[in-house]
Amino acid sequence: MKLDSLSLDSYAALPQRERRLIATGVVGAALLLILGVLWPLDRSVAHTQERLAKKRVDLSWMQGVAPELATAPPLPIASGESLLVVIDRSAREAGLASALATEPAGPGSVSVRLQKAPFDNLIAWLARLAQQNGVSVETATFEKADAAGLVNAALVLHSG
């Protein structure tokens, strides 16, 4: 039988056994389409809609808490590490360890000197110290170093 001769008349002309085989194939293909494609797709869409609803609830909560967090003071160092350890570790992470010299400057304060430190790295490091550890800058003096983009800095940092 040719593909272009498929019609209800040609189907009716088939022997009973072949009609049953075709009907079973059509039902099997329909089940495969429903169970293999449409049902998983529907479950995926439902799961995504649930996740979206949860994310919207989280977003509304975050928007409600944001003003309170924006006005809150920075958190003190919560890890239990001393200010010297936090400064040394974070300076190494920022690539400033070779330019760094520290010494205690009083209770909760550390005097920091940096020689020929990249200015951009230095500012990013100070911002991370403030955001992640609640370290603030009490005093800062910057001087231009020999090369462009490098500075010598004297800082006094305070925790809390």
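Before reading on, note that the structure itself is shown above.
Residues numbered from 1 in each chain as written. Predicted model: local features only at pLDDT ≥ 70, side-chain atom pairs only at ≥ 80, totals over all residues. Heavy atoms only, no water.

Peer 1: Can you tell me about the overall build of the protein chain, naming the residues and giving the values?
Peer 2: Within the protein chain one finds four helices and four strands. Along the protein chain, from the amino end to the carboxyl end, the secondary structure elements read α-α-α-β-β-α-β-β. Here the protein chain has a C-alpha radius of gyration of 35 Å; the compact-globule value for 160 residues is 15 Å, and the former is much larger. Considered along the principal axes of its C-alpha atoms, the protein chain spans approximately 100 × 40 × 25 Å. In the protein chain, buried positions account for 20% of the 160 residues. When the accessible surface of the protein chain is summed, it comes to about 11,600 Å², and 62% of that surface belongs to carbon and sulfur atoms. (Helix = DSSP H or I, 4+ residues; strand = E, 2+ residues; numbered from the N terminus. Rg over C-alpha atoms; globule rule 2.2 N^0.38 Å. Buried < 20%, exposed > 50% of the residue type's maximum accessible area, 1.4 Å probe, protein only. Areas by Shrake-Rupley, 256 points an atom, 1.4 Å probe, with all protein chains shown as cover.)

Peer 1: Which residues make up helix α2 (residues 16–71), and what are the values?
Peer 2: With 56 residues, α2 ought to run about 82 Å at 1.5 Å a step, and its terminal C-alpha atoms sit 81 Å apart, in line with that. At Val65, α2 shows its largest bend, some 40 degrees, and a proline, Pro67, comes one to four positions later. (Expected span 1.5 Å × (residues − 1). Bend = angle between axes of the 7 residues up to and from the residue.)

Peer 1: Could you give an account of unusual backbone geometry, with specific residues and numbers?
Peer 2: The phi dihedral of Lys116 is positive, around 50 degrees, even though this residue is not glycine. Following the sequence through the fold, Lys116 ends up in strand β2 (residues 109–118).

Peer 1: Help me get a handle on the pairing of β2, residues and values and all.
Peer 2: Residues in a regular strand project their side chains so that they alternate between the two faces of the sheet. Bridge count between strand β1 (residues 100–106) and β2: six bridges; the pairing is antiparallel. If you follow Gly106 over to β2, its bridge partner there is Ser109. Taken together, β1 and the strand that follows it, β2, pair antiparallel across an intervening segment of two residues, in which Gly108 is found at a positive phi of about 75 degrees. Two elements, β2 and strand β4 (residues 150–159), share eight bridges in a ladder whose sense is antiparallel. (Pairing = 2+ DSSP bridges.)

Peer 1: Please give an account of the sheet that holds β2 that cites residues and values.
Peer 2: Strand order in the open sheet formed by four strands is β1-β2-β4-β3, and the pairing between neighbours is antiparallel. Whereas interior strands pair on both sides, the edge strands pair on one side only; in this sheet they are β1 and β3 (135–144). Taking each pair of neighbouring strands and ignoring which way they run, the sheet shows an average axis angle of 20 degrees. Relative to the sheet, helix α3 (residues 83–93) contacts β1, β2, β3 and β4, its axis offset from that of β1 by approximately 160 degrees. (Axes fitted to C-alpha atoms, helices over the stretch in contact; angles between N-to-C directions. Contact = heavy atoms within 4.5 Å.)

Peer 1: Which residues make up the pattern of salt bridges, and what are the values?
Peer 2: By the definition in use, this model includes three salt bridges. Arg89 is paired through a salt bridge with Glu93; the nearest N and O atoms lie 3.7 Å apart. Taken together, the residues Arg89 and Glu93, both in helix α3 and four residues apart, mark about one turn of the helix. Take Arg89: its relative accessible area is 26%, and that puts it in the partly exposed class. Asp146 is the partner of Lys116 in a salt bridge, and the nearest nitrogen-oxygen pair spans 3.6 Å. Of this pair, Lys116 sits in strand β2 while Asp146 sits in the loop between β3 and β4, placing them 30 residues apart in sequence. On the basis of relative accessible area, Asp146 is assigned to the exposed category, the value being 69%. (Salt bridge = Lys/Arg side-chain N within 4 Å of Asp/Glu carboxyl O.)

Peer 1: Describe a nonpolar patch on the surface, and please don't skip the residues or the numbers.
Peer 2: Residues Val27, Leu31, Leu33, Ile34, Leu35, Val37, Leu38 and Trp39 make up a contiguous nonpolar surface patch of about 750 Å² in total accessible area. Mapped onto the elements, Val27 comes out in helix α2. (Patch = residues over 30% accessible without salt bridge, like charges linked within 9 Å, V, L, I, M, F, W, Y side chains within 5 Å.)

Peer 1: Can you tell me about helix α4 (residues 119–133), naming the residues and giving the values?
Peer 2: Spanning 15 residues, α4 covers 21 Å between terminal C-alpha atoms, matching the ideal 21 Å at 1.5 Å per step. Restricting attention to buried positions, one finds in α4 the residues Leu122, Trp125, Leu126, Leu129 and Asn133. Viewed end-on, α4 has its buried residues packed into an arc of 100 degrees, placing them on one side of the element. Among the exposed residues of α4, those oriented more than 90 degrees off its buried face are Asp120, Gln131 and Gln132. The secondary structure elements touched by the buried residues of α4 are α3, β1, β2, β3 and β4. (Arc of directions from axis to C-beta.)

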